[in-house]
Amino acid sequence: MDCPSVTAWRVARHRARHQVLEKGAVFADPLAIAMVGGDEAALAAPDGTPAERHFRLFLAIRSRIVQDMLARAVQRGMRQAVVLGAGLDTLGLRNPHAACGVRVFEVDRPAMQDWKRGHIARAGLAVPDSLAFVPVDFERDSLLACLAHAGFDVGMPAFFSWLGVVPYLTRVGIENTLRFVARVPQAEIVFDYGEPVENYTGAHALRMAERARFVALAGEPWLSRFNPTDLHAMLRDTGFATFTDYDRAGIAAYFGWPVPAATGAGPHVVVAHARQGCAVAGPER
């Protein structure tokens, strides 16, 4: 595996293992297995720890929420979807709303996109006309300029998926991206974030510390983690009027699962709607 992002490859394998081990019960992705080589026997290997299964299910959960919210947005007339920090995400390849005229714009680092396009070709997967690849450095490039160059209509409504990216960006990079999204007409974004490692206790704290060490050694350290109140303040400051922050209890309720009696720190999935989108112009990122 020569993928330039260890974490992106790891997420893709978890997504594929969910198709094998849980039969895609939470999130069905018909291209996930092919994306990581198609070896179902290897993907069916038992979990090393219960924590591995919990992590895999969370990855499936966040993708399912994106899928659900995108479907609702398309019903409302949305015809542009942007996958920020796409990694090995397959939404653009399998575009379930292509027949409705939905275009998907995959945004990621140039090195990752170059590698992914070659990987897709090696895997024998087709790139539909409805998919555009948009190379962007979130910390340096103008997201507006890069998207517009790829054919994104900044004056039309858009849906944004931003999974597994926030922890790896600086606060400035996160705020710039949110401000840009909030100025797109009728913008909606789904993203996830993690609480500070010190918020965790007991075995959860040990696992989070281990994950922090793993991503740091992989050259992709966590740069930004948030207390919910701080993240909510950032959303309001950057132009989002309404949002739902799904914590452990919220995720359980979303799927109709038993809601845990007591919850501590954990991963969050946020669905946010812009206060008043407008046609984006000028130097904003």
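Treat the numbers as computed from the prediction; the structure is a model and nothing was measured.

A. Local environment of the nonpolar core. Within the largest apolar cluster, 50 residues are counted, with the highest numbers of intra-cluster contacts made by Ile65, Phe159 and Val190. Of all the secondary structure elements, the ones that give two or more residues to this core are helix H1 (6–21), helix H2 (32–35), helix H4 (50–75), strand E1 (80–84), helix H5 (91–94), helix H6 (110–122), strand E3 (131–135) and strand E7 (267–274). Of the residues forming this core, the biggest block, 12 residues, is contributed by H4. The contact partners of Ile65, leaving out residues within four places of it in the chain, are Val190, Tyr254, Phe255, Val269 and Val271. Among the nonpolar cores identified, the runner-up in size contains 38 residues, and Leu169, Met234, Ala272 and Ala274 belong to it.

B. Region of the structure containing the pattern of salt bridges. Counted according to the given criterion, the structure contains 13 salt bridges. Arg62 serves as the salt-bridge partner of Asp192, at 2.7 Å between the closest nitrogen and oxygen. Residue Asp192 is found in strand E5 (residues 188–194), and its partner Arg62 is found in helix H4; the two are separated by 130 residues along the sequence. Here Arg76 ties to Glu188 by a salt bridge, and the two come within 2.6 Å at their closest N and O atoms. One end of the pair, Arg76, is in the loop between H4 and E1; the other, Glu188, is in strand E5, with 112 residues separating them in the sequence.

C. Quick peek at the sheet that holds E7. Taken in spatial order, the seven strands line up as E3-E2-E1-E4-E5-E7-E6 in an open sheet, and their pairing is mixed. Each having just a single partner strand, E3 and strand E6 (240–246) make up the two edges of the open sheet. Averaged over all pairs of adjacent strands, the angle between their axes in this sheet comes to 20°, without regard to strand direction. Of the strands in this sheet, E5, E6 and E7 are in contact with helix H10 (residues 228–238), which crosses E6 at around 155°.

D. The arrangement of H6 in detail. Taking 1.5 Å per residue as the helical rise, H6 with its 13 residues ought to reach 18 Å, and the 19 Å between its terminal C-alpha atoms agrees with that figure. On its buried face, H6 is in contact with H1, H2, H5, strand E2 (103–108) and E3. Once H6 finishes, Gly124 follows within two positions and takes phi at roughly 75°, a positive value.

E. The packing of H1 against H4, seen in detail. It is at 9 Å that the axes of H1 and H4 come closest, and there the two elements cross at 95°. With respect to H4, the element H1 is oriented roughly perpendicular. In contact with Arg10, Val11, His14, Arg17, His18 and Leu21 of H1, H4 contributes Glu52, Phe55, Arg56, Leu57, Leu59, Ala60 and Arg62.

F. Structural context of the packing of aromatic side chains. In the structure shown here, the tally under the stated rule is eight aromatic pairs. Taking the centre distance of 6.3 Å and the plane angle of 90° together, the rings of Phe160 and Phe180 count as edge-to-face. Of the two residues, Phe160 sits in strand E4 (residues 159–162) while Phe180 sits in helix H8 (residues 171–182), which places them 20 residues apart along the sequence. The burial state of Phe160 is the same as that of Phe180; both residues are buried.

Here is what the cut-offs are and how they apply
Residues numbered from 1 in each chain as written. Predicted model: local features only at pLDDT ≥ 70, side-chain atom pairs only at ≥ 80, totals over all residues. Heavy atoms only, no water. Core = buried A, V, L, I, M, F, W, Y, C linked by side-chain atoms within 4.5 Å. Buried < 20%, exposed > 50% of the residue type's maximum accessible area, 1.4 Å probe, protein only. Helix = DSSP H or I, 4+ residues; strand = E, 2+ residues; numbered from the N terminus. Contact = heavy atoms within 4.5 Å. Salt bridge = Lys/Arg side-chain N within 4 Å of Asp/Glu carboxyl O. Pairing = 2+ DSSP bridges. Axes fitted to C-alpha atoms, helices over the stretch in contact; angles between N-to-C directions. Expected span 1.5 Å × (residues − 1). Parallel < 35°, antiparallel > 145°, perpendicular 65-115°, else oblique. Phe/Tyr/Trp six-rings, centres within 6.5 Å; stacked < 30°, edge-to-face > 60°.

Function cannot be read off these values alone, since they describe shape.
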